[in-house]
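Breakdown of the fold
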Amino acid sequence: LIFVGRHTESKGIDMAVRIVEELNKQVGRQFTLKVTGKKGEFEGSEKEFVEQTGFIDVKELADEISKSIMGIHPARAGGFDVAPIEIMMSGTPCLVSTSTGCKSLVSDIEEEYVLDRNVDLFVEKIKEYMGKDVSQKKELSKQCREKSKTLKTDKQREEFRIQLEKILKKQEKGSRI
């Protein structure tokens with residue numbers, strides 16, 4: 001699972017940690033929460049399943065996202081956040097809170113991926129996604145990529161897209177799904 005963005009309370013990093021902690025308890029498996037952005041302390045940063053990457057370039061970010069099962073963005077507030085869009089560009093679904101500015105974009109793909117800020121709701125949706133068959137995951141992945149292409153691209157997003165396409169071409173023979 002991946003959290004992309006600033007490690008602030010408003011972005012919901014503390015809740016992202018609690019989501020993965022509860023998921024690990026419920027499924028009896030050790031999922032990792034990859035956290036990109038400036039390394040530092042935040043509530044739960046010391047947990048063994050939290051892995052901070054620090055700031056990484058767009059190629060590394062595209063690679064980390066493409067290897068992730070799902071993005072989580074349980075923001076308390078925000079404008080039109082770019083992080084969930086970057087995650088979706090890779091074909092990786094992203095769960096967002098109802099407080100996230102880009103919730104309408106996510107709901108166009110899967111209404112149920114826009115959630116109230118509740119740990120149990122996020123955990124349940126992750127488990128539901130993991131239970132989907134490969135064809136359902138591939139279709140959702142395709143929808144994520146197609147929807148994110150409808151947005152106006154800026155220089156950083158275009159570079160991210162180029163790096164991501166290179167990685168996805170390498171992965172076509174294998175499957176992360």
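Residues numbered from 1 in each chain as written. Predicted model: local features only at pLDDT ≥ 70, side-chain atom pairs only at ≥ 80, totals over all residues. Heavy atoms only, no water.

Broken down by element type, the chain carries seven helices and six strands. The linear arrangement of helices and strands in the chain, starting from the amino end, is β-α-β-β-α-β-α-β-α-β-α-α-α. Here the C-alpha radius of gyration of the chain, 15 Å, is about what a compact globule of 177 residues would show, namely 16 Å. Sequence separation of at least 24 residues holds for 60% of the intrachain contacts in the chain that already meet a minimum separation of 6. Total accessible area on the chain is roughly 9,000 Å²; 46% of this is exposed by carbon and sulfur atoms. Distance between charge centres in the chain, computed from 32 positive and 31 negative side chains, equals 5 Å. (Helix = DSSP H or I, 4+ residues; strand = E, 2+ residues; numbered from the N terminus. Rg over C-alpha atoms; globule rule 2.2 N^0.38 Å. Contact = heavy atoms within 4.5 Å. Areas by Shrake-Rupley, 256 points an atom, 1.4 Å probe, with all protein chains shown as cover. Lys, Arg positive; Asp, Glu negative; His and termini not counted. Charge placed at Lys NZ, Arg CZ, Asp CG, Glu CD.)

What follows is about the pattern of salt bridges. Opposite charge on two side chains allows them to pair when their charged atoms are near. Per the counting criterion, the structure on display carries 11 salt bridges. The residue Arg76 makes a salt bridge to Asp14 at a minimum N-O spacing of 2.7 Å. Here Arg76, found in the loop between strand 4 (71–73) and helix 3 (83–89), pairs with Asp14, found in helix 1 (residues 13–27); they are 62 residues apart in sequence, far enough to count as distant. By relative accessible area, which is 29% here, Arg76 ends up partly exposed. Residue classification places Asp14 among the buried residues on the basis of a relative accessible area of 8%. (Salt bridge = Lys/Arg side-chain N within 4 Å of Asp/Glu carboxyl O. Buried < 20%, exposed > 50% of the residue type's maximum accessible area, 1.4 Å probe, protein only.)

In this structure, the second largest pocket spans a volume of roughly 420 Å³. Along the wall of the second largest pocket there are 19 residues; nearest its centre are Val4, Gly5, Arg6, Thr36 and Gly37. Contributions of two or more residues to the lining of the second largest pocket are made by helix 2 (58–66) and helix 3. Grouping the constituent residues of the lining of the second largest pocket by class yields seven nonpolar, six polar and six charged. (1 Å grid on protein atoms, 1.4 Å probe; cavity = no way out; pocket = protein on both sides within 12 Å on 5 of 7 lines; lining within 4 Å. Points joined across faces, edges and corners; volume = space filled by probe spheres on them. Nonpolar A, V, L, I, M, F, W, Y, C, P; charged D, E, K, R; others polar.)

The N-to-C vectors of helix 1 and helix 5 (residues 119–130) enclose an angle of 55°; their axes lie 9 Å apart at closest approach. When the axes of helix 1 and helix 5 are compared, the pair comes out oblique. Between helix 1 and helix 5 lies a crossing of right-handed hand. Residues Met15, Arg18, Ile19, Glu22, Leu23, Gln26 and Val27 of helix 1 pack against Val119, Asp120, Phe122, Val123, Ile126, Lys127 and Met130 of helix 5. Across the contact of helix 1 with helix 5, the residue classes break down as nine nonpolar, one polar and four charged. (Axes fitted to C-alpha atoms, helices over the stretch in contact; angles between N-to-C directions. Parallel < 35°, antiparallel > 145°, perpendicular 65-115°, else oblique. Left-handed = near helix turned anticlockwise from the far one by under 90°.)

Of all five residues in strand 3 (residues 50–54), four are buried; the element is thus mostly enclosed. Of the pairings in the sheet, the one linking strand 2 (residues 33–36) to strand 3 comprises four bridges and is parallel in character. If you follow Thr36 over to strand 3, its bridge partner there is Gly54. (Pairing = 2+ DSSP bridges.)

Note that every value here comes from positions in space, so none of it alone points to a role or purpose.
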